[in-house]
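Here's the letter readout for the chains.
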Amino acid sequence: RQMFPKQRIWVIVEPHSYSRTKVLLASFKNVFNNADIVIIGPIFKARDAHDFGVSGQSIVDISKHDDISYIGSLDEIIRYVRRLEKAGDVIVVMGAGESYRWAKAILESL
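Along each chain, numbering runs from 1 in the same order as the chain's sequence is written. Residue-level local features of this predicted model are given only where pLDDT is at least 70; pairs of side-chain atoms are given and counted only at 80 or more, and the full residue set underlies all totals for whole chains, interfaces and linings. Excluding hydrogens and water, the side-chain values take into account all heavy atoms of the structure.

Here the focus is the side chain of S109. The helix count covers DSSP runs of H or I at least four residues long, the strand count covers runs of E at least two residues long, and both are numbered beginning at the N terminus. Looking at the element boundaries, S109 is found in helix α4 (residues 99-109). Relative accessibility thresholds used throughout: buried, under 20% of the residue-type maximum; exposed, over 50%; partly exposed, between the two (1.4 Å probe, protein chains only). With relative accessibility at 17%, the residue S109 sits in the buried group.

Here it is, written out as structure tokens:
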């Protein structure tokens, strides 16, 4: 936010592992306060054999952010970003697993 005080900042998150998401779930409550738009994508499975009762929607449900959405696939995320992005927007993609591919695909789609 300090680097881009006037731009609209998007945060697109690929949560890492079901087990880690479950343990850290409460931490997502206010973590996105400096973003304008937040998209939570599917959780990167990693080594987990079970979903431990959490999903990307679990993060949305606990978050206090005003503009946060769970979007269940990269293709849907790309369509959403393309529909709503504006010149000057800053898009931050973070996570583990496939997030570097997500960033590349989103950039190539714009």
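Having seen the model, we can carry on.
This part is about the sheet that holds strand β4 (residues 90-95). In sheet architecture, strand pairing relies on hydrogen bonds along the backbone and comes in two forms, parallel and antiparallel. Pairs of strands are assigned from DSSP output, requiring at least two bridges between the strands. Judged by pairing direction, the sheet is parallel, and its four strands sit side by side in the order β3-β2-β1-β4 without closing on themselves. If you trace the sheet from one side to the other, it starts and ends with β3 (68-70) and β4, each paired once. Geometrically, the sheet is characterised by an average inter-axis angle of 15° between neighbouring strands, direction not taken into account. Of the strand pairs in this sheet, strand β1 (residues 9-14) and β4 are connected by six bridges, and their pairing is parallel. Bridging from a neighbouring strand, W10 pairs with I91 of β4. Contact between two residues is taken to exist if any of their heavy atoms lie within 4.5 Å; hydrogens are not considered. Here an angle of 0 to 180 degrees is reported between the N-to-C directions of two axes, which are lines fitted to C-alpha atoms, with helices fitted over the stretch in contact. Strands in contact with helix α3 (residues 74-84) are β1, β2 (37-40), β3 and β4; relative to β1, the strand with the most contacts, it is inclined by about 180°. Sheet contacts for α4: β1 and β4; angle to β4, the most-contacted strand, approximately 160°.

Every buried residue of α4 is listed here: S99, W102, I106 and S109. Buried residues along α4 cover an arc of 85° about the axis, so they all sit on one side. Exposed residues on α4 whose side chains face more than 90 degrees from its buried face are Y100, K104, L107 and E108. Taking the helix axis as origin, the arc is that swept by the directions to the C-beta atoms.

This brings us to α3. Here α3 has its buried residues at I77, I78, Y80 and V81. Seen end-on, α3 carries its buried residues on one side only, within an arc spanning 165°. Opposite the packed face of α3, turned more than 90 degrees from it, sit the exposed residues R79, R82 and R83. The inward-facing, buried residues of α3 abut β1, β2, β3, β4 and α4.

Glancing now at the pattern of salt bridges. Only one rule defines a salt bridge in this text: a Lys or Arg side-chain nitrogen within 4 Å of an Asp or Glu carboxyl oxygen. Applying the stated criterion across every chain, the model contains three salt bridges. R8 serves as the salt-bridge partner of D89, at 2.7 Å between the closest nitrogen and oxygen. With D89 in the loop between α3 and β4 and R8 in the segment before β1, the pair connects residues that are 81 residues apart, well separated along the chain. The residue E98 makes a salt bridge to R101 at a minimum N-O spacing of 2.6 Å. The exposure class of E98 is partly exposed, given its relative accessible area of 28%.

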